[in-house]
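Next come the chains, spelled out residue by residue.
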Amino acid sequence: MNDEIITYSELSNFEKGMMMELQNKFSGAELTEEIKKMKSSLLDLVIGRKVLLSKAREKNYDMNQYLDMVIKEIMKRNNLATRDDLVRALNSQGITYDEFKTQRLEQLMQEKFIQESLGSRIMIDTSEIISFYKENAEKYRIPARYKLNCIFLNKDHYFTK
């Protein structure tokens, strides 16, 4: 693709990353179905990401500082206290820390390119947002929750002498 070779190991690493993402989102029969879909379109996905990545590299984005924040957020979300905990978790999935970091950096660059290229072209009318909310209001309602702070008992009614 564009004088770039897609290696089997690259395809395999991409598949591992996709498997981790799918396992975080789905389970059971739904996971099995999503894995089938992903495997059938794996090469197309890799080619698409390569094209996006080459365009993003042309823009020369510097995402390293943002990458550190993203990695810290991933660690927090997965209850990993130290970088060593993250490295162990990644190794158990068959991914090295450097591979993980490279994958995330490339993903951030691709997202930045997409946002920059398409973000300004997407126009959403405020009335569309309001009508969507009204049609789906139940999805956005959070039931009231109460937290008991103290219980006061009238000693005249509950304690006898």
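The residue numbering used here restarts from 1 in each chain and proceeds along that chain's sequence as written. Only residues with pLDDT of 70 or above have their local features reported here, since the model is predicted, and side-chain atom pairs are shown and tallied only from 80 upward, although totals for entire chains, interfaces and linings are computed over all residues. Each side-chain value is derived from all of the structure's non-hydrogen atoms; neither hydrogens nor water enter the calculation.

Trainee: In this structure, what is going on with the nonpolar core? I would like to understand it.
Mentor: One broad trend across soluble globular proteins is that nonpolar side chains are buried collectively. Take the buried Ala, Val, Leu, Ile, Met, Phe, Trp, Tyr and Cys residues and link them wherever side-chain atoms come within 4.5 Å; each set so joined is a nonpolar core. Only protein chains enter the accessibility calculation, which uses a 1.4 Å probe; a residue whose area is less than 20% of its type maximum is buried, one above 50% is exposed, and one in between is partly exposed. Membership of the largest hydrophobic core comes to 19 residues, with the highest contact counts inside it found for I71, L86, L90 and F100. We call two residues in contact whenever any of their non-hydrogen atoms come within 4.5 Å of each other. If we ignore the near neighbours within four places in the chain, the residues touching L90 are M20, I95, T96, Y97 and F100.

Trainee: Looking at this model, I keep getting lost on the packing of helix α3 (residues 42-59) against helix α6 (residues 97-118). Mind explaining?
Mentor: Helix-helix packing is described using two parameters, namely the angle between the two axes and the distance between the axes. Lines fitted to the C-alpha atoms define the axes, with helices restricted to the stretch that makes contact. Angles between their N-to-C directions range from 0 to 180 degrees. Secondary structure elements are defined from DSSP: runs of H or I of at least 4 residues count as helices, runs of E of at least 2 residues count as strands, and each element is numbered from the N terminus. Across the interface, α3 lies against α6 with an axial gap of 8 Å and an inter-helix angle of 75 degrees. Considered as vectors, α3 and α6 are oriented roughly perpendicular to each other. Note on element contacts: α6 touches α3 through E106, M109, Q110, F113, I114 and E116, opposite R49, L52, L53, K55, A56, R57 and K59. Looking at side-chain class alone, the contact of α3 with α6 contains six nonpolar, one polar and six charged residues. Note on angle classes: values under 35 degrees are labelled roughly parallel, values over 145 roughly antiparallel, values of 65 to 115 roughly perpendicular, and the remainder oblique. Here the term charged refers only to Asp, Glu, Lys and Arg, the term nonpolar to Ala, Val, Leu, Ile, Met, Phe, Trp, Tyr, Cys and Pro, and the term polar to all other amino acids, Gly among them.

Trainee: Would you explain the packing of helix α4 (residues 64-77) against α6 in this entry?
Mentor: Closest axis-to-axis distance for the α4/α6 pair is 10 Å, and the angle between their directions is 115 degrees. The way α4 lies across α6 gives a crossing that is right-handed. On the side of α4, the interface is formed by N64, Y66, L67, V70, I71 and I74, while α6 contributes Y97, F100, K101, R104, L105 and L108. Crossing handedness follows the turn of the near helix against the far one: under a right angle anticlockwise gives a left-handed crossing, and clockwise gives a right-handed one.

Trainee: Teacher, can you tell me more about unusual backbone geometry here?
Mentor: The phi torsion of most residues other than glycine is negative, and most of the peptide bonds are trans. In this model, N60 sits at a positive phi of 60 degrees, which is unusual for a non-glycine residue. In this structure N60 comes out as exposed when scored by relative accessible area, which is 67%. The phi torsion at N79 lies on the positive side, around 55 degrees, for a residue other than glycine. Topologically, N79 is positioned in the loop between α4 and α5 (83-92). You can call N79 exposed: its relative accessible area is 72%.

Trainee: Sorry if this is basic, but what is going on with the layout of surface pockets here?
Mentor: To find the voids left in a structure, one rolls a probe of water-molecule size over its atoms. Any residue with an atom within 4 Å of a point lines the site, the site being either a cavity, points on a 1 Å grid over the protein atoms alone where a 1.4 Å probe fits but cannot get out, or a pocket, an open set with protein on both sides within 12 Å along at least 5 of 7 lines. Grid points are joined across faces, edges and corners, and a volume is the space filled by probe spheres set on the points. Of the volumes computed, that of the largest pocket is approximately 550 Å³. Along the walls of the largest pocket sit 20 residues, with N24, I74, R77, N78 and R104 positioned nearest its centre. Taken together, the elements giving at least two residues each to the lining of the largest pocket come down to α1 (8-25), α4, α5 and α6. When the residues that make up the lining of the largest pocket are grouped by side-chain class, the tally is ten nonpolar, five polar and five charged. Of the pockets and cavities examined, the second largest pocket occupies roughly 450 Å³. Looking at the second largest pocket, it is lined by 22 residues, and the ones nearest its centre are E10, N13, F14, Q103 and E106. Every element with two or more residues in the lining of the second largest pocket is listed here: α1, α3 and α6. Residue contributions to the lining of the second largest pocket peak at eight residues, all from α6. Grouping the constituent residues of the lining of the second largest pocket by class yields seven nonpolar, six polar and nine charged.

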